[in-house]
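# Geometric and topological summary
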Amino acid sequence: MLTTGTGFNVIEQQTMAETPDWMNSINEMDDQEFQRWSRLLKQRTGMDVRYARKSFLTTGVRLRMRELGFTCYSDYYRHLLSGRSGKIEWATLVDRLTIHETRFFRHPSSIKLLIETFLPDYIKNHLDENHLQAWSVGCATGEESYTLAIALDDYLKRFYPNIYYGVVGSDISLPALAKARKGRYDALRVKELPPPLLGRYLRKREDGKYQVDEAVRKRVCFNMLNLLEMDQSTIHKMDMVFCQNVLIYFDKNLRHTILDKLVKHINPGGILVIGVGEALDWKNPQMQRLRGYDALAYTKETLHEK
Ligand SMILES: C[S@@+](CC[C@H](N)C(=O)[O-])C[C@H]1O[C@@H](n2cnc3c(N)ncnc32)[C@H](O)[C@@H]1O
């Protein structure tokens, strides 16, 4: 299993084997306390702990309390709700409570569908200008965003060298976005990238890590965006929206609400790709399911608004 950007799974395994000493200074969360923290997490991020692991929440809170010297849950909770310093602290805690597991080419079928079926048709029949824009929603540490950039770069250079592209990656976690901007990854994260693409788009550093090529990095930008606050943000229309492995942590109603909002940001004829099994029963009158690949994807109809 990959560790999260925070190395969390390591701590989780350790907790199961034996409780480290520092944990003993902070009581276990009782049910009432757990309900309070899970409510806060759901209100602010949409994440429903029924879809993640309970230990993820409890260990995350306890670890952060220990770092700050808190021993009482209520004191830390009050601190989080207190003005500017609470907001700053929330930005750190939310990183600990969200799951950033990701890797390059995590779901190859989605990329295959994009390159083999969607792009040839979209460029020929729907693209107005010579510019394509993709959005990786819930991009974590950036692997999905760079995967899209690499796939687009490779395809466009071969068939449409005059078409430009850009990729936006967005996430709620500021530390994850900071890592994404660096574009530097452990070998484990890039091991599913086809070797010719790895050789062309990433450079192996002396420390064994891989650095994304500067020309690709320039095409990708990262922004903080909480999916629950999409209405308040200015997001341009996109040709491609990838939202994979994000909705799994939300309840069904919220998944559908977010997907309906994402549709508004897609150009006519554009594509929405979500994680397989993440919202199988979602329907939107403007979106048509694209079949034939092991991927959950929809294209936007062209008759309605632009
Ligand atoms: C498991 S990662 C998915 C990464 C990538 N999309 C992939 O498929 O490999 C889920 C990401 O969703 C982000 N996330 C969770 N709740 C969010 C919210 N309300 N708004 C924006 N991002 C959120 C987390 O911070 C995390 O980085």
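All figures in this text were calculated on a predicted structure; none of them were measured in a lab. (Residues numbered from 1 in each chain as written. Predicted model: local features only at pLDDT ≥ 70, side-chain atom pairs only at ≥ 80, totals over all residues. Heavy atoms only, no water.)

## What about the side chain of Asp95?
The test is simple: Helix and strand definitions follow DSSP, with helices as H or I runs of at least four residues and strands as E runs of at least two, each counted in order from the N terminus. When accessible area is computed with a 1.4 Å probe and restricted to protein chains, residues below 20% of their type maximum are described as buried, those above 50% as exposed, and intermediate ones as partly exposed. Here the positive residues are Lys and Arg and the negative ones are Asp and Glu; neither His nor the chain ends is included. What makes a salt bridge here is a side-chain nitrogen of Lys or Arg within 4 Å of a carboxyl oxygen of Asp or Glu, nothing more. Any pair of N or O atoms that falls within 3.5 Å is considered a polar contact. Within protein, one atom must be able to donate a hydrogen and the other to accept it, and sequence-neighbouring residues count only if both atoms are side-chain atoms.
Looking at the secondary structure, you find Asp95 in helix H5 (residues 83-97). Here Asp95 is buried and forms no salt bridge, its nearest opposite-charge partner Arg96 lying at an N-O distance of 4.5 Å. Within the structure, the side chain of Asp95 is placed 2.6 Å from the side chain of Ser173, a separation counted as a polar contact.

## Focus: the sheet that holds strand E3 (residues 184-185)
The line we're drawing: Paired strands, in this sense, are two strands between which DSSP finds at least two bridges.
Sheet architecture is open: three strands sit in the order E3-E5-E4, paired in antiparallel fashion. The sheet is open, and its two borders are formed by E3 and strand E4 (202-204), each paired with just one other strand. Sheet analysis places E3 next to strand E5 (residues 210-212), joined by two bridges and oriented antiparallel. Pairing of Arg184 across the sheet is with Gln211, part of E5.

## Comments concerning the site of the ligand
The criterion, for reference: The rule for a residue being near a molecule or strand is that one of its heavy atoms must lie within 4 Å of it. Per-residue and other accessible areas follow the Shrake-Rupley method at a 1.4 Å probe size, with only the shown protein chains counted as cover for residues. Each residue receives one of three labels: charged for Asp, Glu, Lys and Arg, nonpolar for Ala, Val, Leu, Ile, Met, Phe, Trp, Tyr, Cys and Pro, and polar for the others, Gly being one of them.
Near the ligand you find 19 residues, and of these Thr45, Thr102, Asp171, Leu227 and Asn245 are the closest. Here a nitrogen atom of the ligand sits 3.3 Å away from a polar atom, N or O, in the side chain of Glu144. The separation between a nitrogen atom of the ligand and a polar main-chain atom of Gln244 is 2.9 Å. In the complex, the protein chains occlude 99% of the 600 Å² of accessible area that the ligand would expose alone. Counted by class, the shell around the ligand contains seven nonpolar, eight polar and four charged residues.

## A look at the domain arrangement of the chain
Put simply, the rule reads: A domain assignment, automatic or from a database, supplies the domain bounds used here. Pairs of residues are marked as contacts when any of their non-hydrogen atoms sit within 4.5 Å. Summed over both partners, the accessible surface that disappears when two parts come together, traced with a 1.4 Å probe, is what is meant by buried area.
As assigned here, the chain comprises domain 1 (8-97) and domain 2 (108-300). Computed from C-alpha coordinates alone, the two centres of domain 1 and domain 2 are separated by 30 Å. Contacts between the two partners involve 13 residues from domain 1, matched on the other side by 13 residues from domain 2. Interface area for domain 1 against domain 2, summed over the two sides, is near 970 Å², with a carbon-plus-sulfur share of 61%. Our enumeration of links across domain 1 and domain 2 arrives at one salt bridge. A salt bridge links Asp251 to Lys42; the nearest nitrogen and oxygen atoms lie 2.9 Å apart. Elements represented by at least two residues in the side of domain 1 that touches domain 2 include exactly helix H2 (31-45) and H5. Taken together, the residues that form the side of domain 1 that touches domain 2 break down as five nonpolar, three polar and five charged.

## Notes on a positive patch on the surface
For the record, the criterion: Two joining distances apply to patches: 9 Å for like charges and 5 Å for nonpolar side chains (Val, Leu, Ile, Met, Phe, Trp, Tyr), and every residue must have over 30% relative accessible area and no salt bridge. One atom stands in for each charge, and that atom is NZ of Lys, CZ of Arg, CG of Asp or CD of Glu.
A grouping of Lys179, Lys182, Arg184 and Arg203 is seen on the molecular surface, where their side chains present a positively charged patch. Among the structural elements, Lys179 can be located in helix H8 (residues 174-182). By relative accessible area, Lys179 is classed as partly exposed at 37%.

## Points about the pattern of salt bridges
For side chains bearing opposite charge, pairing can occur when the charged atoms are close. Evaluation of the coordinates by the stated rule reveals 19 salt bridges. Residue Arg50 pairs with Asp48 through a salt bridge whose shortest N-O separation is 2.6 Å. What makes Arg50 exposed here is its relative accessible area of 61%. For Asp231, the salt bridge identified is with Lys261, shortest N-O distance 3.0 Å.

## Remarks on helix H4 (residues 73-81)
Just so we agree on the cut-off: Directions pointing from the helix axis toward each C-beta atom define the arc.
Of the residues making up H4, those classed as buried are Tyr73, Tyr76, Tyr77 and Leu80. Down the axis, H4 shows its buried residues gathered within 100° of arc, on one side only. At its buried positions, H4 is contacted by H2, helix H3 (54-68) and H5.

## Some points on the nonpolar core
Applicable threshold: We call a set of buried Ala, Val, Leu, Ile, Met, Phe, Trp, Tyr and Cys residues a nonpolar core when their side-chain atoms join them within 4.5 Å.
Core analysis: the biggest nonpolar cluster contains 50 residues, and Trp37, Val61, Trp135, Phe250, Leu262, Leu272 and Ile274 have the highest contact counts within it. With five residues, helix H12 (residues 252-263) is the largest single contributor of residues to this core. When residues no more than four places from it in sequence are discounted, the contact partners of Val61 are Met29, Trp37, Tyr73, Tyr76, Leu93 and Leu97. Within the second largest apolar cluster, 46 residues are counted, among which are Leu114, Ile123, Leu132 and Leu148.

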